[in-house]
Amino acid sequence: MSAVDHARATGLFAPDAFAGRVVLVTGAGRGIGKLLAERLAALGARVALCDIVGDRAQATARGIAETGGEALALTVDVAAEGDVERAAGAVLARWGRVDVLVNAAGSYGAAYRVTHETPVEEWDSVFASNVRGSFLCAKAVLPHMVAAGGGRIINFASNAGRSVSPLLGCSYTAAKTAVIGMTRHLSREYARYGILVNTIAPGPVEGERVSGLLRDAEESETLSGQIPIGRLAEPADIVDVVLFMASDASRYMTGAILDVSGGLILA
Ligand SMILES: NC(=O)c1ccc[n+]([C@@H]2O[C@H](COP(=O)([O-])OP(=O)(O)OC[C@H]3O[C@@H](n4cnc5c(N)ncnc54)[C@H](O)[C@@H]3O)[C@@H](O)[C@H]2O)c1
């Protein structure tokens, strides 16, 4: 089912729930960010798609345009300040505002290996894309949200940041924990400006990322067996919660860390 059909079929959100809103989604070329961008566009939002792999962002934007949506694809390394400033400038030039920022981009290094065998380059790149990237994107849009009298920032943590990653190393666990700390700090700082800052902490999700990390069907079954709901999330399970976090339904929520992990994390 296409994102547009899914959005209409579920009926969870009115077809114009995000009409006129400008949403910047990082990591929008693949996985959760891609589906989120498609769903937002199907619900009326104008969506800026940022990804370090520009072709992926372009392809997603083309798909959105073909179904009548409004999208702007941008090649952005979220860890590069110049890229992020250019991207924010392009969005403001096109649409004049940013109502919602979703920081979904992030790299994750190699499959699990012990900390003393982790190259420092992996630590740096995981922190750069997840932590520095979320910080830089927030920094770029916050002045405009303050001037506009409000906005939303939605960060992506993980079950890893709420406990310990079952699939990835120390760098990922630590980076996602830092994203939670940054969310809490920003939420306190900017509530007075009407800017709400929250984090979703998904458990393992079906898709290219996780399938690339699991060695075989047995490992996949073992992982599912650890999840009380008995299966990995589908991207739509995560996207629906992010849509709630971006919508007016969550207007009194800031500084929250939402575990969407099928019961894996109980905190
Ligand atoms: N998939 C999961 O099981 C899972 C679980 C918990 C949390 N998460 C988090 O959810 C978010 C989305 O996950 P996903 O599975 O859709 O990821 P994914 O790996 O499928 O896609 C991530 C996208 O981000 C882009 N990206 C990576 N580094 C970037 C950078 N420096 N600048 C710009 N773009 C960059 C990639 O090119 C890719 O298109 C991530 O923050 C991830 O850590 C995922």
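Attention here is on the structure that accompanies the text. No experiment lies behind these values; they were computed from the predicted model shown.

Section: the nonpolar core
Move 1: Membership of the largest hydrophobic core comes to 45 residues, with the highest contact counts inside it found for Leu-74, Val-91 and Leu-101.
Move 2: If you tally residues by element for this core, the top one is helix H5 (residues 120-148), at nine residues.
Move 3: Excluding anything up to four places from it in sequence, Leu-74 contacts Ala-48, Leu-49, Cys-50, Asp-51, Ala-57, Ala-87, Ala-90 and Val-91.
Move 4: Core analysis: the second largest hydrophobic core is formed by 38 residues, Phe-18, Ala-57, Ala-61 and Val-239 among them.

With respect to the pairing of strand E6 (residues 195-202)
Move 1: Where burial is concerned, most of E6 is hidden: eight out of the eight residues are buried.
Move 2: Side chains Ile-195, Val-197, Thr-199 and Ala-201 project from E6 onto one buried face, and the interleaved Leu-196, Asn-198, Ile-200 and Pro-202 project onto a second face that is buried too.
Move 3: Relative to E6, strand E5 (residues 151-156) runs parallel, the two sharing six bridges. Considered in E6, the bridge of Ile-154 is made with Asn-198.

Re the pattern of salt bridges
Move 1: Here the structure, examined in full by the defined rule, presents 11 salt bridges.
Move 2: Note that Arg-21 and Asp-248 form a salt bridge whose closest N and O atoms lie 3.3 Å from each other. One end of the pair, Arg-21, is in the loop between helix H1 (3-10) and strand E1 (22-26); the other, Asp-248, is in the loop between helix H10 (235-246) and strand E7 (257-260), and 227 residues separate them in sequence.
Move 3: Since its relative accessible area comes to 46%, Asp-248 is described here as partly exposed.

Brief notes about the packing of helix H2 (residues 31-42) against H10
Move 1: As a packed pair, H2 and H10 sit with axes 9 Å apart at the nearest point and diverge in direction by 55 degrees. Between H2 and H10, the interaxial angle falls into the category oblique. H10 is crossed by H2, and the crossing has right-handed handedness. Facing H2, whose interface residues are Ile-32, Leu-35, Leu-36, Arg-39 and Leu-40, H10 presents Pro-235, Ala-236, Ile-238, Val-239, Asp-240, Val-242 and Leu-243.
Move 2: Residues that form the contact of H2 with H10 fall into these classes: 10 nonpolar, no polar and two charged.

Quick word on the sheet that holds E7
The strands that make up a sheet pair up through hydrogen bonds in the backbone, lying either parallel or antiparallel.
Move 1: Strands sit in the order E3-E2-E1-E4-E5-E6-E7 across an open sheet of seven strands; the sheet is parallel. Either end of the sheet is taken by a strand with one partner, and the two such strands are strand E3 (70-75) and E7. The mean inter-strand angle of the sheet, taken between neighbouring strand axes irrespective of direction, is 15 degrees.
Move 2: Contacts from H5 reach E1, strand E4 (100-103), E5 and E6, with the element oriented near 175 degrees to E4.

Description of the packing of aromatic side chains
Move 1: Summed over the entire model, instances satisfying the criterion amount to three aromatic pairs.
Move 2: Here Trp-123 and Phe-127 contribute two aromatic rings whose centre-to-centre distance is 4.7 Å and whose plane-to-plane angle is 20 degrees, an arrangement assigned as stacked. Here Trp-123 pairs with Phe-127, and both are found in helix H5, just four residues apart, close to one helical turn.
Move 3: Owing to a relative accessible area of 22%, Phe-127 belongs among the partly exposed residues under this scheme.
Move 4: Between Tyr-190 and Tyr-193, the ring centres sit 5.8 Å apart and the planes meet at 45 degrees, which makes this aromatic pair tilted.

Quick notes on the packing of helix H4 (residues 81-95) against H5
Move 1: Where H4 meets H5, the closest approach of the two axes is 9 Å, and the angle between their N-to-C directions is 35 degrees. Relative to H5, the crossing made by H4 is right-handed. Contacts between H4 and H5 involve Glu-81, Val-84, Ala-88 and Leu-92 from the first element and Leu-136, Cys-137, Lys-139, Ala-140 and His-144 from the second.
Move 2: Taken together, the residues of the contact of H4 with H5 break down into six nonpolar, one polar and two charged.

Topic: the site of the ligand
Move 1: Taken together, 27 residues lie around the ligand, and Arg-30, Ile-32, Asp-51, Tyr-172 and Val-205 are the ones closest in.
Move 2: The side chain of Lys-176 places a nitrogen or oxygen atom 3.0 Å from an oxygen atom of the ligand.
Move 3: Contact with the protein chains removes 94% of the 830 Å² of surface that the ligand exposes when unbound.
Move 4: Tallied by class, the residues present in the shell around the ligand amount to 15 nonpolar, six polar and six charged.

So, how was this worked out
The written sequence of each chain sets the order in which its residues are numbered from 1. In view of the model being predicted, local features appear only for residues whose pLDDT reaches at least 70, and side-chain atom pairs are presented and counted only at 80 or more, with totals across whole chains, interfaces and linings using the full set of residues. Processing note: side-chain calculations cover all non-hydrogen atoms of the structure and skip hydrogens and water entirely. Within this scheme, the nonpolar core is defined by two criteria: the residues are buried Ala, Val, Leu, Ile, Met, Phe, Trp, Tyr or Cys, and they are joined through side-chain atoms within 4.5 Å. For each residue, the accessible area found with a 1.4 Å probe, counting protein chains only, is set against the maximum for its type, and the residue is called buried under 20%, exposed over 50%, and partly exposed in between. Think of it this way: any DSSP run of H or I at least four residues long counts as a helix, any run of E at least two long counts as a strand, and we number them from the N terminus. A contact between two residues is defined here by any heavy atoms of the two lying within 4.5 Å. A pair of strands is treated as paired once DSSP finds two or more bridges between them. Counted as salt bridges are all cases of a side-chain nitrogen of Lys or Arg within 4 Å of a carboxyl oxygen of Asp or Glu. To obtain an axis, a line is fitted to C-alpha atoms, over the contacting stretch when the element is a helix, and the angle between two such axes runs from 0 to 180 degrees between their N-to-C directions. Note on angle classes: values under 35 degrees are labelled roughly parallel, values over 145 roughly antiparallel, values of 65 to 115 roughly perpendicular, and the remainder oblique. Two helices crossing with the near one rotated counterclockwise from the far one by less than a right angle form a left-handed crossing, whereas a clockwise rotation gives a right-handed crossing. For this classification, the nonpolar set comprises Ala, Val, Leu, Ile, Met, Phe, Trp, Tyr, Cys and Pro, the charged set comprises Asp, Glu, Lys and Arg, and every other residue, Gly included, is treated as polar. Any pair of Phe, Tyr and Trp rings, taking the six-membered ring for Trp, is counted once the centres come within 6.5 Å. Such a pair is stacked with planes under 30 degrees apart, edge-to-face with planes over 60 apart, and tilted for the rest. Near, as used in this document, describes a residue that has one of its heavy atoms within 4 Å of the molecule or strand being considered. Here a polar contact is taken to be a pair of N or O atoms separated by no more than 3.5 Å, where protein atoms must pair a possible hydrogen donor with a possible acceptor and residues adjacent in sequence count only if both atoms sit in side chains. For the area figures, the Shrake-Rupley method with a 1.4 Å probe applies, and any residue is considered shielded solely by the protein chains shown.

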